[in-house]
Amino acid sequence: MKDENKHIITGIDVGTTKVCVVIASYIEDKPFEILGVGYSPTSGLKKGVVININDTVESIKSAVKQAENQAGVEVESAYVGISGEHIRGINNTGVITVSKNSTRNPFDHEITEADKQRVLDHAKGITLPSERRILHVLSQEYKVDNRNDIRDPVGMTGNRLEAKVHLIHSEVAAEKNLTVCFEKADIEIIDFVLSPLASSYAVLDPNEKNLGVVMLDIGGGTTDVLVFFNGGLYHSGIIPIGGDAITNDIAHGAMTTIEQAESLKCKHGLAKEALASGDEQISVPGIRGREPKSINARQLASFIEPRMKEIMMFASSEIRKSNHNGLFTFGIVITGGTAKMSNIADLAQDIFRHDVKIGIPSITGGVADSILDPTYSAAVGMIYWAIESGERFDEGDGFPSRLKPVSNWIKKLFSKLY
């Protein structure tokens, strides 16, 4: 018997090196359950941006098919992660005069949801080039008259409402190319979600975001830096270096192919040379008639550590740009596929001088055990995002009411007209 209250949500993270798919079932006010998971490597993107439509489409189809087979459902629509060098973040402020309402005192007006939305709309009123658009408006704090540090102003009284926000904007062409890939894969995009932002929903809890934490999402092509404090996102930065650069360094250092270098990195890589053994020998196959050779684990780590240090030094620079003068009580959380590398936390602790944790999706039930892995942080985070940002679900359609696919709405309109 079909459960009318159960909704199917799909999150798809399209990264530089892989496509991850997570299908979940959700009943309101209950934890969601993971039904199916899919993974497929891809060569269709570079630093998060599509460079080959056909390769990207095939990777999406492959990962989705795996998840569908495991879940026993067909994916028609999904929340899709987006990242890359074209993403930018900026802080801004909006201010409005509160609308008149039924409050008896003519000088104090009760703040409504409409007022809250108006001030957020005002805060996103920045001038952008025509080729860019606002992807997210993320509130940091509100101010009502002279009262600061307000999380939610609705229901309070006052005359002046101010909102401090962090705006994420993206390149329209990059979104369009990704949209074309999903159209060719016959999957509707419900909403684009910034991938590292989605990751934060999966690996950080409210205490971490409230008391201060930095999240590094180290992907294949880029490293994303998010700074949280007082429950809000105060800074976001994209570093155009990721795990692919480490793979290339290994390929040059060990004189091997990119494929072999990736295998060496995943199976034997250590982020800190001082912790690697000089006695452990690793076989490197020969290329095109060359003799195979061996390197030791310390040599391999010597190819990895400099690039990893470079990534973290750039990340440290991004953290300083946040102008956050408070404490990062919960230090640094590292997630993304590269976070699986041995001793990465030790190296990060040396550089940042903060506690370091590897961020793994926080989920239980269903097939959750198969994705307790930082590689899946963004895809799992999109399930959390869908539930928290959707506010409510309409009966039977499975979509958050204010985030239904636009093309579905168009189809329904035309079906009524003809």
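Anyway, here's the lowdown on the structure attached to this text.

Procedures and definitions
Every chain is numbered on its own, with residues counted from 1 as its sequence reads. Local features in this predicted model are restricted to residues whose pLDDT is 70 or higher, and side-chain atom pairs enter the listing and the counts only when it is 80 or higher, whereas totals over whole chains, interfaces and linings include all residues. By convention in this description, side-chain values take in all heavy atoms of the structure and omit both hydrogens and water. Only DSSP runs of H or I covering at least 4 residues are called helices, and only runs of E covering at least 2 are called strands; the numbering of each starts at the N terminus. Burial classes follow relative accessibility: with a 1.4 Å probe on protein chains only, a residue under 20% of its type's maximum area counts as buried, one over 50% as exposed, and anything between as partly exposed. What makes two residues a contact is simply this: any of their non-hydrogen atoms within 4.5 Å. The Shrake-Rupley method, run with a 1.4 Å probe sphere, supplies the accessible areas, and residue values consider only the shown protein chains as cover. It is the directions from the helix axis to the C-beta atoms that the arc portrays. By definition, two strands form a pair when at least two bridges between them are found by DSSP. Fitting a line to C-alpha atoms yields each axis, with helices limited to the stretch in contact; the angle taken between N-to-C directions then spans 0 to 180 degrees. Geometric relationships in this document are graded by angle, where less than 35 degrees denotes roughly parallel, more than 145 denotes roughly antiparallel, 65 to 115 denotes roughly perpendicular, and other angles denote oblique. The crossing is said to be left-handed when, going from far helix to near helix, the turn is anticlockwise and less than a right angle, and right-handed when the turn is clockwise. Residue polarity follows a fixed list, in which Ala, Val, Leu, Ile, Met, Phe, Trp, Tyr, Cys and Pro are nonpolar, Asp, Glu, Lys and Arg are charged, and the others, Gly among them, are polar. What makes a nonpolar core is a set of buried Ala, Val, Leu, Ile, Met, Phe, Trp, Tyr and Cys residues whose side-chain atoms join them at distances within 4.5 Å. Between 30 and 60 degrees the pair is tilted, below 30 it is stacked and above 60 it is edge-to-face, where a pair is any two Phe, Tyr or Trp rings, Trp via its six-membered ring, whose centres lie within 6.5 Å. Any Lys NZ or Arg CZ found within 6 Å of a ring centre and within 35 degrees of that ring's normal is scored as a charge over the ring.

### Let's talk about the overall build of the protein
Of regular secondary structure, the protein possesses 11 helices and 20 strands. Classification of the 418 residues of the protein by burial places 50% in the buried group. Sequence-distant contacts in the protein: of pairs separated by 6 or more residues, those separated by 24 or more amount to 64%. Total accessible area on the protein is roughly 20000 Å²; 49% of this is exposed by carbon and sulfur atoms.

### Some thoughts on unusual backbone geometry
Its identity is not glycine, yet D186 carries a phi of approximately 60 degrees, on the positive side. Topologically, D186 is positioned in the loop between α3 (172-184) and β13 (188-194). For D186, a relative accessible area of 64% corresponds to the exposed category. Even without being a glycine, N343 presents a positive backbone phi close to 70 degrees.

### So, helix α7 (residues 258-268)
Along α7, the residues classified as buried are A261, L264 and K265. Seen along its axis, α7 keeps its buried residues to an arc of 95 degrees; they face one direction. Summarising the geometry of α7, the exposed residues directed more than 90 degrees from the buried face are E259, C266 and K267.

### Thoughts on the environment of P361
When you line up the elements, P361 lands in the loop between β20 (356-358) and α10 (377-390). Sequence separation between P361 and Y376 is 15 residues, and the spatial gap between their C-alpha atoms is 7.2 Å. Beyond its immediate chain neighbours, meaning those up to four positions away, P361 contacts A202, V203, I371, L372, D373, P374, Y376, S377 and V380.

### Focus: the sheet that holds strand β3 (residues 33-41)
Reading across the sheet, the 5 strands line up as β3-β2-β1-β6-β13 and stay open at both edges, with mixed pairing between neighbours. Unpaired on one side and paired on the other, β3 and β13 mark the two borders of the sheet. Going from strand to strand, the sheet's axes swing by 20 degrees on average, the running direction of each strand aside. Bridge analysis of strand β1 (residues 6-14) against strand β6 (residues 77-82) gives 3 bridges, and the strand direction is parallel.

### Quick word on the packing of helix α8 (residues 297-321) against helix α9 (residues 344-352)
Where α8 meets α9, the closest approach of the two axes is 10 Å, and the angle between their N-to-C directions is 45 degrees. With respect to α9, the axis of α8 lies oblique. The hand of the α8/α9 crossing is right-handed. Of the residues in α9, those touching α8 at E305, M308, K309, M312, M313, A315, S316 and I319 are I344, L347, A348, I351 and F352. Its residues placed into classes, the contact of α8 with α9 shows 10 nonpolar, 1 polar and 2 charged.

### Description of the nonpolar core
I12, F32, F182, I187 and V380 are the most contacted members of the largest nonpolar core, which totals 63 residues. The element contributing the most residues to this core is α10, with 9 residues. Apart from the residues within four sequence positions on either side, F182 is in contact with I12, V14, I60, V80, I187 and I189. Among the nonpolar cores identified, the runner-up in size contains 40 residues, and I218, I319, I344 and V356 belong to it.

### Brief notes about the side chain of T338
By secondary structure assignment, the location of T338 is in the loop between β19 (332-335) and α9. Apart from the residues within four sequence positions on either side, T338 is in contact with I218, G219, G243, I246, M308 and I344.

### A look at the packing of aromatic side chains
Here the structure, examined in full by the defined rule, presents 4 aromatic pairs. Taking 4.9 Å as the distance between ring centres and 75 degrees as the angle between the ring planes, the aromatic pair formed by F32 and Y384 counts as edge-to-face. Residue F32 is found in the loop between β2 (18-27) and β3, and its partner Y384 is found in helix α10; the two are separated by 352 residues along the sequence. Across the pair, exposure class does not vary: F32 and Y384 are buried alike. The residue whose ring lies beneath K209 is Y201, and the NZ or CZ to ring-centre distance is 4.5 Å.

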